[in-house]
Amino acid sequence: MNSNSEVYYPNKNVLEKVYLKDYDSLYKSSLNDVEGFWSQAACELEWFKAWDRVLEWNYPYARWFVNGKCNIVHNALDRHASSWRRNKVAVYWEGEPGEKEVLTYGQLYRQVNKLSNALKKLGVHKGDFVTIYMPILPELIISMLACAKIGAVHNVIYYGYSGRVLRERLIETSSKVLITSNAAYYGGTLTPVSGIIPYAIQCPSLKYVLIKKRIDLPVFPGLPKTSKEFPKFVYWEEVVNNAPDVSECEPMDSSDPLFIIYTSGTAGKPKGIIHSHGGYMVGAYLTTKLVFDIKDDDVYWCTASLGWITGHTYVVYGPLLNGGTILIYEGDLGYPIQTRWAKLIDEYRVTIFYTIPTNIRSFMLAERELENYSLDSLRLLATVGEPIDPSAWKWFYEKVGKGRCPLLDTWWQTETGIILITNFPSMPLKPGSAGKPFPTIKAAILSPTGEILKENEKGMLAIGGPWPGMMDTVYQDPRKYIDYWDIVEGWYITGDIASVDKDGYFWIKGRSDDVIKVAGYRIGTAEIERAVLSHPAVLDAAAIGKPSSSGSDIIKVFVVLREGWVLDDLLIEEIKRRVIEDVGQIAAPSEVVALTSLPKTRSGKILRRLLRQLELGKGVIELEGQY
Ligand code: PRX
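A. Inspection of the site of the ligand at higher detail. The local shell around the ligand holds 17 residues, among which Thr410, Thr414, Arg511, Lys517 and Arg522 are the closest. The contact in question runs from an oxygen atom of the ligand to an N or O atom on the side chain of Thr414, over 2.5 Å. Here an oxygen atom of the ligand sits 2.7 Å away from a polar atom, N or O, in the side chain of Arg511. Within the complex, the protein chains bury 97% of what would otherwise be the 540 Å² of accessible surface of the ligand. Only helix H11 (309-321), strand S20 (407-411) and strand S27 (506-511) provide two or more residues apiece to the shell around the ligand. Sorting elements by how many residues they give to the shell around the ligand places S20 first, with 3 residues.

Below is the structure:
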């Protein structure tokens, strides 16, 4: 039983130094004064004009810090650049081939100002969308902050997505500018981005493509010659380097949009989740402070890609709001040696390390080589994105944290914006549990009819909102926002299945819907199926997440073929290629199988859950061929 699992108690050293020493009493008192709790956090930040009310809760819509005027960049950057932190390192960057760059808060401030001015010159105004499609470079952080500084809404697209996805999101947001780079290193390969250009220029609103040269080579060898006036291709080295380095933050209303980030849902196209300046700023600030316990002498490394919500909240905004020093790394954590990640920890004296269970399982494969690293700078470890199995937890705790670092599993979502259920360094830890709700957060396990379930019963994980940092809306589809709140009156339904034990610890089991989590990435079945169905051989298709021996799900696709086709190796490769080209490498199916028909409800909906059950050996189905 979960509640009987082992418990790891914090050691005295940790307890003496952490910000949050007594979770239970803070949690209890926070419930009695939710607004007081969050307004105290907001008072630790600077506002151009104070809010009239902390919260306006008009179910299911929340406005936090109503009529407050602020700018997240003022708090994440400008105020540090004008304080003693001016010469403190804000960002360490290392490229996969080994190049290094260091930006102090003062230097980052000037770079952000230059780009802010350059963007204004390119015609970007408050409220405009700017799309960013870049590998992990300092310029990606500079771009996010420069957009936010002038009140533009950034739309970061994960660099592994295809040109088709990029085009769709450029068009949907009517982006005026695309910021990109000419190449990226990953896993020893230099990938040019010229392949995306033909897609990008199909966006009619696009006026400029701003290119940062990752390598000093011809920028886009195959650049198409357009007779149109736009988009124009301009280079960072010209328009940004020569721009003035003074720029004021645009005063933003608390509820003005800060960024859009796309994420997959149960059905249909990915949703554009909108987060705004005020509440998100306060939520990102306080969760980073209390969960990661970030202090001025820390070097904080979160391995997430910046195109995902973890990259937004816990690579960029949360740590910088706290005046932290962050490390970002461009490439593969296991290249050119499997222990590149450990080498980086030792080299940069990383103290806080936040990653996903899939990475931990790959670290486990090179345990012996770990002897070459001291890892003695580490003081706190954390994970996110998928359930962590107790064996991987214990390995990470013992072999990387050497039994001295608290290992915190943290639970949250793109939509929640910030961590909602988590462990804290001062809390007794249960391997495999995501811990307890953040102060003020009400979390419960509900039955399908909305009753609160008893301990250890599995059900829908639900949050009794609101909280600062929650999404404002779903872009151009406000109905989808309501959907989260419409299932059980009064509750935000997360889409996860979980249970809670007698001590109040939450145990996340996985998704209840058709969202697939692969190596922490969130992918919708609809996106994969659409790509598979575009192959002329395929009549019908269903994608599922299949549990694998590695502990993470893999993508398995079932196809029904048109007459005359046979699922041989060539066809399997073609189907996989379709998905990679249409969505991106992250969505590549590991297995493709042919069936004579797909199990469906009477109304024609595919029973993916049944297919999943069959994969777990809970049924029999007639297979035509397997790869
Ligand atoms: O299923 C849960 C899983 O990731 C989903 C959210 O994915 P995304 O919006 O991409 O955000 C990921 C990073 C915050 C959740 O619905 N998930 C997230 N954290 C955990 C988790 N599953 C188990 N344990 C976690 N700690």
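Moving on from the model shown.
B. Layout of the packing of helix H3 (residues 34-42) against helix H10 (residues 277-291). Between H3 and H10, the shortest axis-to-axis distance is 9 Å and the interhelical angle comes to 85°. It follows from the interaxial angle that H3 and H10 lie roughly perpendicular. Touching Phe37, Trp38, Ala41 and Ala42 of H3 are Val282, Gly283, Tyr285 and Leu286, all from H10. The class makeup of the residues in the contact of H3 with H10 is 7 nonpolar, 1 polar and no charged.

C. Layout of the side chain of His275. Mapped onto the secondary structure, His275 falls in strand S15 (residues 271-276). On the accessibility criterion, His275 (0% relative accessible area) is buried. Of note is the side chain of His275, whose polar atom sits 3.1 Å from the backbone oxygen of Gly469.

D. Local environment of the sheet that holds strand S8 (residues 177-181). Overall, mixed pairing links the 8 strands, which are arranged S12-S11-S8-S6-S7-S14-S15-S25 in an open sheet. Every other strand in the sheet has two partners, leaving strand S12 (232-235) and strand S25 (473-474) as the edge strands with one partner each. When S8 meets strand S11 (residues 208-212), the two strands line up parallel, connected through 5 bridges. The residue of S11 that forms the bridge with Val177 is Tyr208. Its contacts with the sheet put helix H7 (residues 163-172) on strand S6 (129-133), strand S7 (153-156), S8 and strand S14 (257-263), and the angle it makes with S6 is roughly 165°.

Procedures and definitions
- Residues numbered from 1 in each chain as written.
- Predicted model: local features only at pLDDT ≥ 70, side-chain atom pairs only at ≥ 80, totals over all residues.
- Heavy atoms only, no water.
- Near = heavy atom within 4 Å.
- Polar contact = N/O pair within 3.5 Å; in protein donor to acceptor, adjacent residues only side chain to side chain.
- Areas by Shrake-Rupley, 256 points an atom, 1.4 Å probe, with all protein chains shown as cover.
- Helix = DSSP H or I, 4+ residues; strand = E, 2+ residues; numbered from the N terminus.
- Axes fitted to C-alpha atoms, helices over the stretch in contact; angles between N-to-C directions.
- Parallel < 35°, antiparallel > 145°, perpendicular 65-115°, else oblique.
- Contact = heavy atoms within 4.5 Å.
- Nonpolar A, V, L, I, M, F, W, Y, C, P; charged D, E, K, R; others polar.
- Buried < 20%, exposed > 50% of the residue type's maximum accessible area, 1.4 Å probe, protein only.
- Pairing = 2+ DSSP bridges.

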